[in-house]
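Structural characterization, general
So you can see what is in the structure, the chains are spelled out below.
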Amino acid sequence: MAFTEGNFENVVMEYLQELDYTYIHGSQLTKEDKEVLLFDRLEDSLMCINPSVQLSAIKEAIRKIRHFETNDVFTNNKLFHKYLVEGVEVSDFVDSEVVYHTIKLIDFDSPSNNDWLVVNQLEVTEDGTKKRPDVFVYVNGIPLVVMELKSTSREEVTIEDAYNQLMNYKEVHIPSLFYYNAFLVISDGVSTKAGTITASYDRFMSWKKIEAEDEVSNVDTMNLDTLMYGMFDKERFLSIIKDFILFTNKAKIMAQYHQYYGMTKAIASCIHAVKNDGRAGVVWHTQGSGKSFSMTFLAGNLVKSKALNNPTILVITDRNDLDGQLFATFCSAQDFLRQEPVQMESRSEVKEFLGGRKTGGVVFSTIQKFVEETGLLSDRQNIIVLVDEAHRTQYGIEGKFDLESGEMKYGYAKYLRESLPNATYIAFTGTPIETTDKSTYGVFGDLIDVYDMTQAVEDGATVKIYYESRLARVKLDEHKLEEIDKEYWHMQVHEGVEDYVVNESQKQLSRMEQIICDHDRIHAVVADMIEHYEERENLVAGKAMVVAYSRKAAYAMYQEMIAQRPEWMNKVKMVMTSNNSDPEEMAKLIGNKATQKQYEQEFRDIHSEFKIVIVVDMWLTGFDVPSLDTMYIDKPMKAHNLMQAIARVNRVYPGKTGGLVVDYIGIKKELFDALKTYTNRDQDKVQENEEAKNIALNLMETLRDVFYYFDYTDFFGDSDKKRYDLIRNGAEYIQATEGRKNTFMTQTKKLKDIFKICASLLTKMEKDEVSFFVAVRSFIMKTTKQGVPDLKEVNSRISKMLEEAILEDEVLVLTEAGSKESFDLLTEENIRKLHALPQKNIAANILMRVMKDKVNAIKKVNLVKSREFSEKLQKIIDKYNNRNDEEDVFKVLEELLKFKEALMDAIQEGTQMELSYEEKAFFDVLTADPDVIKQMDSEILIKIAKELTKTIKENMTHAWYEKAQAQAKMRREIKRLLKKYDYPPNKSDKAIEDVLEQAKLQCTNHR
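Residues numbered from 1 in each chain as written. Predicted model: local features only at pLDDT ≥ 70, side-chain atom pairs only at ≥ 80, totals over all residues. Heavy atoms only, no water.

A look at the confidence of the model for the protein chain
- Residues with a pLDDT of 70 or more make up 79% of the protein chain, whose mean pLDDT is 79.
- Averaged pLDDT values for the elements of the protein chain fall to 28 in helix α31 (residues 814-817) and rise to 97 in strand β7 (residues 135-139).
- The low-confidence segment residues 785-825 (pLDDT under 50) makes 79 contacts with residues lying over four places distant or belonging to another chain. (pLDDT = per-residue confidence, 0-100. Helix = DSSP H or I, 4+ residues; strand = E, 2+ residues; numbered from the N terminus. Contact = heavy atoms within 4.5 Å.)

Given below as structure tokens:
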């Protein structure tokens, strides 16, 4: 029996009824034919919410929201949202006087005081066209949400079809329905997403958790649960609409789940900090994940917070970003902020602004204004300072002694704090603050919320970044560096030149710049960039950024690029600040601030001729161009500066599968060092492009095997007729069997995606071969149904659902099952279900994953057992990976069940010996070597394990495992104890180190 869209609608109805929404089928609903508002419910609700207002005023408010002056959906939606959040201003005539009322359309303070209704299959008529969207959510008779659902069991329809259908309704068939829309929901059962009326398909996002403290769910098939319970909880639903939707001039922006929960926490933290020590905390949301809008949502909510009584918001940015995206984002959201943000060019302006008012205002300034003692700017308490990109280099409080001047130098934070002593401070960063940087947390307070690079990629909020080194092609001439050093040495030794003269010379001449700007090197770098760029130019939108070493290097690169490609005059431009010492021709090219603004608009426009920008510092932070997909780096960078720069290419854009960083200067070590400051799981999110090339070559080898009996060598000849025949005949050959077609369609899909990243590394012959495979794929797509997912793709998505279906009524998240203390998943009943499952591979994969998680979890308490069982499990996994038939899978299943029993027994061993977890872990370390068991009595070893546990607890100091001295003391205590019980001296050194390692693990995992 098929699971139809009708069945799926019923599922959604059940979710909403569970959340206490009333359900009525569209056919049973009383509604005027050409209206989308439910007037009876609307009038009754408004009377209930506005009890002191006469019916005539209520009717006037309804008239205002029913009749708009335009037919433009966006304009009307923006006006209606204002009505929804702020109320409808109406005038009424009472006792010969005009009385003004603000009619509330929703009671935001008491969710239960509103009328909540869900309707399906409701017919909407407009201009003679009748349409029936799947699901409406009405609040007080207003259709605030429209959902379009697609059948879970029909593989030819996708969630994107649902999006397209809603856009057709909005643009063509029933636009008036969308005047009232808060947000839209699309789902195919596997994937569920929400977005606004202006959002592109790429910007419809999943809502991945329900409560703020929940772990994020990255299982696609759970997205329906998390979105329904997360967004449609009545209180949260109203909060999203009232506090987390804003309009810019062109778009309606709704917070994504990480922005909603993160900024909700940040608001609470600011309110608490105002009443306490003024340190609200640090928000780390990775580059490209909407940090500018997060800060705007925070500022707008602080402005209207009743607890804060209209505070002044001071936004502190870096000088380079002053005219950048953050201020532009705030300016575009003036309605949401309820005022126009202003920029301050000097400290005196900031002082005048703050001194001239007691409340309100959103003002931008730069951190450089606080580079020295400023004096008191304001001692008001209702000032909240939002600091963008807070890092130790800028915000240290502690002083440092300057050897040259003999003075103490302080970080900006000290002067900022002194000038605004009673303000509240909250910091935002897109790159993590190093774990060693205690001063930043000292200035701003604890970490409030984290949204890391991994999660952003997982959510589709950003794309992966790939790395490719081209250094080998245009190496810096190390010999020249050596020659320069020798020449300086020669002058000092043979010509009597003093040291300080050489030092000054080195500063002024900047040896590095001389080498980097060497004409031969610039020629080689630019020639290689052009070759690389031309390979990729048509893959996405052809937008690339070149990061030059210096102004001089940038200009030299520009000149060389135009010399090699004279027709690129309009294609390549330099963007940097103007400088009086620039040569006249260079100054003309750079222009003034107005020129830079114009360049910004042109570079963002995908249709403009301007495709390649050469920069030094500008545009490396706070500048978003989603279509930018390649960055050529010829400038040493490190730490957060490097991470901010490369994040320019991680923005989401249709058809963009990744951003590419091309290295000409040797930043690989700095890049991977910088990644170490990210969460551990982020470290593989920048992938080397050589890896992408290897993946592509492996895919091509698979496709050659598919074409083993089909000769396509003539495709590389000159005859277009033969090439066409080969494409057509190749498509026929591929479709001869379903298995062959499925393999081909899957592998070519992967090849197309990876080819965009590594095209420049492939030979001409390899690229031509890719063209043949892609042409055959395209031919098949055009002669069948366009846009249908490959069977393999669908199977992989559905297999996740199958995993959940195995457990039927068991409410368990499989990805968490392995980390739980008990084997919840592996009850006898569930094992029976796994055994009975026809899909033995899925059963084996579930068991392997759970076992792997469990073994990893055991590592936290028992290093030796974890090592032992890791090796055993790896052998079973290897056996599974080398399987030949179904019989092998059965054997692996049996071995996994035996493995589970052995693991359970090992966990229980300690209990039988009357040892705690910690004691058993130390016992296992001491007895890991079989010779020890032969030489010593087990009772003595048990005694040592118990005493070790006690000794280690007694000698623990705060973070001892990070301090060499504390570790040395711990090592001495362990050695003393082993010696006391005559532990074999030749085994002692290894035992001491392993005991120490086990002690560290237990400490770090029980923090």
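Some points on a nonpolar patch on the surface
- A contiguous nonpolar patch, built from F93, V98 and Y100 and spanning about 390 Å² of accessible area, is present on the exposed surface.
- Its place among the elements puts F93 in strand β2 (residues 88-94).
- Take F93: its relative accessible area is 59%, and that puts it in the exposed class. (Patch = residues over 30% accessible without salt bridge, like charges linked within 9 Å, V, L, I, M, F, W, Y side chains within 5 Å. Areas by Shrake-Rupley, 256 points an atom, 1.4 Å probe, with all protein chains shown as cover. Salt bridge = Lys/Arg side-chain N within 4 Å of Asp/Glu carboxyl O. Buried < 20%, exposed > 50% of the residue type's maximum accessible area, 1.4 Å probe, protein only.)

Section: unusual backbone geometry
- Positive phi, normally seen in glycine, also occurs at D127, with a value near 50°.
- Residue classification places D127 among the exposed positions, given a relative accessible area of 75%.
- Not every positive phi belongs to a glycine, and R338 is a case in point at roughly 65°.
- Summarising the element assignment, R338 is placed in the loop between α11 (334-337) and β15 (342-343).

Overview of empty space enclosed by the protein
- Taken as a whole, this structure holds 9 cavities of 30 Å³ or more when the rule is applied.
- Taken as a whole, the largest cavity encloses approximately 60 Å³ of empty space.
- In terms of lining residues, the largest cavity is bounded by 12 residues, among which T286, M453, I465, A647 and N650 are the most central.
- For the lining of the largest cavity, the elements supplying multiple residues, two or more each, are α16 (453-459) and α24 (639-646).
- By residue class, the composition of the lining of the largest cavity is 8 nonpolar, 4 polar and no charged. (1 Å grid on protein atoms, 1.4 Å probe; cavity = no way out; pocket = protein on both sides within 12 Å on 5 of 7 lines; lining within 4 Å. Points joined across faces, edges and corners; volume = space filled by probe spheres on them. Nonpolar A, V, L, I, M, F, W, Y, C, P; charged D, E, K, R; others polar.)

Some thoughts on the packing of aromatic side chains
- Tallying each qualifying case throughout the model produces 43 aromatic pairs.
- Here the aromatic rings of F244 and Y260 are separated by 4.8 Å at their centres, their planes lie at 65°, and the arrangement is edge-to-face. Note that F244 is positioned in the loop between α7 (234-243) and β11 (245-247) and Y260 in helix α8 (residues 257-274), a separation of 16 residues in sequence.
- Using a relative accessible area of 2% as the deciding quantity, one classes F244 as buried. (Phe/Tyr/Trp six-rings, centres within 6.5 Å; stacked < 30°, edge-to-face > 60°.)

Brief notes about the nonpolar core
- L144, M147, F232, F237 and L386 are the most contacted members of the largest nonpolar core, which has 125 residues in total.
- If one sorts the elements of this core by residue count, α8 sits on top with 10 residues.
- Not counting the four nearest positions on each side in its chain, M147 is found in contact with V12, L16, D134, V135, V137, V185, M228 and F232.
- Ranked by size, the runner-up nonpolar core spans 91 residues in total, among them I562, W619, M643 and F710. (Core = buried A, V, L, I, M, F, W, Y, C linked by side-chain atoms within 4.5 Å.)

What about the pattern of salt bridges?
- Inspection of every chain in the model, using the stated rule, returns 32 salt bridges.
- A salt bridge links E600 to R604, with the nearest nitrogen and oxygen atoms 3.4 Å apart. Separated by 4 residues within a single helix, E600 and R604 lie in helix α23 (residues 593-604), roughly one turn from each other.
- Taking the relative accessible area as the measure of exposure, R604 reaches 36% and is therefore partly exposed.
- Between E701 and R704 there is a salt bridge, and its shortest N-O distance comes to 2.9 Å.

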